[in-house]
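# Chain and residue survey
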Amino acid sequence: MGLGLFSLLKTVPWTEVISTAPLVAQGAKKLWDSVAKKAPPAPTPPPAPVLPTNDLVVAQLQARIIALEATSAELHTQMRASSELIQALATQNTELVQRAEANRVRLRWVSAALVALAVGLVYALKTQF
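Below is a short write-up of the structure. (Residues numbered from 1 in each chain as written. Predicted model: local features only at pLDDT ≥ 70, side-chain atom pairs only at ≥ 80, totals over all residues. Heavy atoms only, no water.)

## Details of a nonpolar patch on the surface
Applicable threshold: Within this analysis, patches are made of residues with over 30% relative accessible area and no salt bridge. Like charges are joined at 9 Å or less; nonpolar side chains (Val, Leu, Ile, Met, Phe, Trp, Tyr) at 5 Å or less. Residue-level accessible areas treat just the shown protein chains as cover; the underlying method is Shrake-Rupley with a 1.4 Å probe. Criterion for a salt bridge: a side-chain nitrogen of Lys or Arg within 4 Å of a carboxyl oxygen of Asp or Glu. Segments assigned H or I by DSSP are reported as helices when at least four residues long, segments assigned E as strands when at least two residues long, and all are numbered from the N terminus. Burial classes follow relative accessibility: with a 1.4 Å probe on protein chains only, a residue under 20% of its type's maximum area counts as buried, one over 50% as exposed, and anything between as partly exposed.
Nonpolar side chains collect at one region of the surface, where L121, L125 and F129 lie side by side and expose about 380 Å² of accessible area between them. Here L121 shows up in helix α3 (residues 55-128). A relative accessible area of 51% places L121 in the exposed class.

## Let's talk about α3
Quick reminder of the rule: Helix span, as expected, comes to 1.5 Å for every residue beyond the first.
Its 74 residues give α3 an end-to-end C-alpha distance of 107 Å, which sits within 8% of 110 Å, the value for a rise of 1.5 Å per residue. Of the residues making up α3, those classed as buried are A73, H76, S83, Q87, A90, T94 and V97.

## Let's talk about the environment of S111
Put simply, the test is: We define a polar contact as two N or O atoms separated by no more than 3.5 Å, with the added condition that, inside protein, one atom must be a possible hydrogen donor and the other a possible acceptor, whereas residues neighbouring each other in sequence contribute only through side-chain atom pairs.
Here S111 lies in helix α3. Here the side chain of S111 touches L107 through a polar contact of 2.8 Å, landing on its backbone oxygen.

## As for the side chain of S83
Within the fold, S83 resides in helix α3. Among the polar contacts made by the side chain of S83, one reaches the main-chain carbonyl oxygen of R80 at a distance of 3.0 Å.

## With respect to the environment of P22
For P22, the position within the fold is in helix α2 (residues 14-37). Given the relative accessible area of 47%, P22 is considered partly exposed. Linking P22 and A90, residues 68 residues apart in sequence, is a C-alpha distance of 8.7 Å.

Below, the structure written as structure tokens:
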């Protein structure tokens, strides 16, 4: 399992991920800002009853309009929650990419130190025998 994960991580184009992470976060922030500025549509009060020839049809249409306005307000609330989640995920993604880059740099330093130590050990063993 660990080896499969390692090979999967090796196939990720980290340079592209790192370079596009700020763009993803910026896009999520723009999305959140545009959605947050929009106020949810306020349900309009039903208009004064009109006395048409068929009161039942008008009452049914008014009930449908009220139901559609409620659905629209609920969808707007869900859209705000979704855009907030997207913004949070983009922020976490940016932090994850920064930490992965820092770990990659540390791994290179540790690898270089390990190679230097191995060379020193081989040299010490050769001089001893």
